Each structure stands twice: as C-alpha cells, then as structure tokens.
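Tertiary structure, described
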Amino acid sequence: MQVTAHLTLRPVRPEDEPFLRELRAHVDIERLHLNQWSVEALPLAQQVIASQFHVHAAHYRKVKNLRDTKDCVIELNGVTVGRFIVTQNAEEVYLSDIAVHPNFRGQGIGEAVVESTKHECEQSRRLLHLHVDKDNTALQFYLRLGFRAIGQSEINFLMEWVPASLIGRTQVHAPKTSG
C-alpha cells in the first residue's frame, strides 16, 4: 500500500502564532548558535528568541504593507509543519522566509515548496531571488536547487534562480527587496 502525503499552503491565521513562535525559536537557536549557550545563560537566550520573533514579525508587517505578499503556513496532511513567505511584483518573486519545523525536516517539504515556487516563476516568466546567510546550511540546499549567488554582503548571499524561459535574455539583477 502506497501512502501519498498531501502538502498545502494556507494563509497564516492568528491561531498560528504559538506554532510560528516555536518555529522562529528553532530557526534562531540554530542561526544564532544559542544551543551552545550554557544553562546559566538560558534566560538571556529566551529573551533573544522573544526579541527575534518580534523583530521578524515587525519586519514582515512592514513588507506586507509595501509589496504583494503571500504569508503562509505549510501543512502536511493537515498538520502545520512550516512557514513560507514570498513577496512579488511583475518582474520577480522574492523568497522572504521558508522554515520547516525540525520534526518534519528531511522529508522533501522545503524542496517541494521551492520547486512549486520555481514552477510559478517559470509560468509567469519572473526571476526568483532570496538571501541566505553565508554560514547557513541551507546554502547548499539552494545551490542544489539551481540557485546561484549574484551578490553578497558581509553576512549573506543574494541568490537567484532564472526560469528557462528567461535564460539568455539580458537581466538586470537589482531586486527591490533586501534581506
């Protein structure tokens, strides 16, 4: 008997906040290496995690007011497993955030969501951009999915995926969104 997983994206709802807080905590613990802090530093780590959630929430509220944005949770068979945020205009789609809860990683969920986004970009003939921290393990994931670095700062790379329909055409790489 073969079981098929059903992956869906749906808009974020207010009742998703506890899950989104937990997911942001997992992401920031990894990104900021908080898991290496001592037990004595745990209260400070918790403050950092709470602060990061508020900073990201404020940033995404601002972005949503300025650009066409899809802010979604990722569900696998009806269970919330991640978050996916893109902003877009006529020329580009910008992958603002994608995170899969650690309990659900390694199942191809992130790849399926990115591949679906690439398909949408192919159909609409738009570039796909994102920023990724230089020390983020996701860098190899994006390279494997066909992204290439087209710019960098001290801490991150600007990456791009170009649909086949646009390959060979002159592109101006100046996304309007910063990481």
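Up top you'll find the structure we're talking about.
The present account deals with the structure reproduced in this document. (Residues numbered from 1 in each chain as written. Predicted model: local features only at pLDDT ≥ 70, side-chain atom pairs only at ≥ 80, totals over all residues. Heavy atoms only, no water.)

**Notes on the pattern of salt bridges**
Throughout the structure, instances matching the rule amount to ten salt bridges. With a closest N to O distance of 2.7 Å, D16 and R10 form a salt bridge. Salt bridges here are not isolated pairs; linked through shared partners, they connect R10, D16 and E75. (Salt bridge = Lys/Arg side-chain N within 4 Å of Asp/Glu carboxyl O.)

**A short note on the environment of V86**
By secondary structure assignment, the location of V86 is in strand β3 (residues 79-88). Separated by 18 residues in the primary sequence, V86 and D68 place their C-alpha atoms 8.4 Å from one another. If sequence neighbours within four positions are ignored, V86 has contacts with D68, T69, K70, V93, Y94, L95 and S96. (Helix = DSSP H or I, 4+ residues; strand = E, 2+ residues; numbered from the N terminus. Contact = heavy atoms within 4.5 Å.)

**Description of the nonpolar core**
Side chains of nonpolar character tend, in soluble globular proteins, to be buried together. In terms of nonpolar packing, the biggest core is built from 24 residues, with L95, I98, V132, Y142, F147 and M159 touching the most fellow members. Of all the secondary structure elements, the ones that give two or more residues to this core are β2 (68-76), β3, β4 (92-100), α3 (109-124), β5 (127-133), α4 (138-144) and β7 (156-161). With residues up to four places along the chain from it excluded, the contact list for Y142 reads L95, I98, L130, V132, F147 and M159. Core analysis: the second largest hydrophobic core is formed by six residues, F19, L20, V27 and A99 among them. (Core = buried A, V, L, I, M, F, W, Y, C linked by side-chain atoms within 4.5 Å. Buried < 20%, exposed > 50% of the residue type's maximum accessible area, 1.4 Å probe, protein only.)

**Side note on the sheet that holds strand β1 (residues 7-11)**
Strand order in the open sheet formed by seven strands is β1-β2-β3-β4-β5-β7-β6, with mixed pairing between adjacent strands. A strand with exactly one partner marks an edge of an open sheet, and here the two such strands are β1 and β6 (148-152). Averaged over all pairs of adjacent strands, the angle between their axes in this sheet comes to 30 degrees, without regard to strand direction. With respect to the sheet, helix α1 (residues 17-31) is in contact with β2, β3, β4 and β5, its orientation differing from that of β3 by roughly 75 degrees. (Pairing = 2+ DSSP bridges. Axes fitted to C-alpha atoms, helices over the stretch in contact; angles between N-to-C directions.)

**A look at α1**
Every α-helical turn comprises 3.6 residues, leaving residues that sit three or four positions apart pointing alike. Here α1 contains 15 residues, and its C-alpha end-to-end distance of 20 Å stays within 8% of the 21 Å for a straight helix at 1.5 Å per residue. For α1, every residue scored as buried is listed here: F19, L20, L23, R24, A25, V27 and D28. (Expected span 1.5 Å × (residues − 1).)

**Some remarks on the pairing of β2**
In this sheet, β2 lies alongside β1 in antiparallel orientation, the contact comprising five bridges. From the neighbouring strand, R10 faces β2, where its bridge partner is V73. Pairing between β2 and β3: nine bridges, direction antiparallel. Across the sheet, the residue bridging to C72 is F84, located in β3. The turn linking β2 back onto β3 is made up of two residues, and N77 within it adopts a positive phi angle of 50 degrees.

**Details of α3**
The terminal C-alpha atoms of α3 lie 23 Å apart, and with 16 residues this matches the ideal 22 Å at 1.5 Å per residue to within 8%. Listed as buried for α3 are I109, G110, V113, V114, T117, K118 and C121. Positive backbone phi, at 55 degrees, marks R125, one or two positions downstream of α3.

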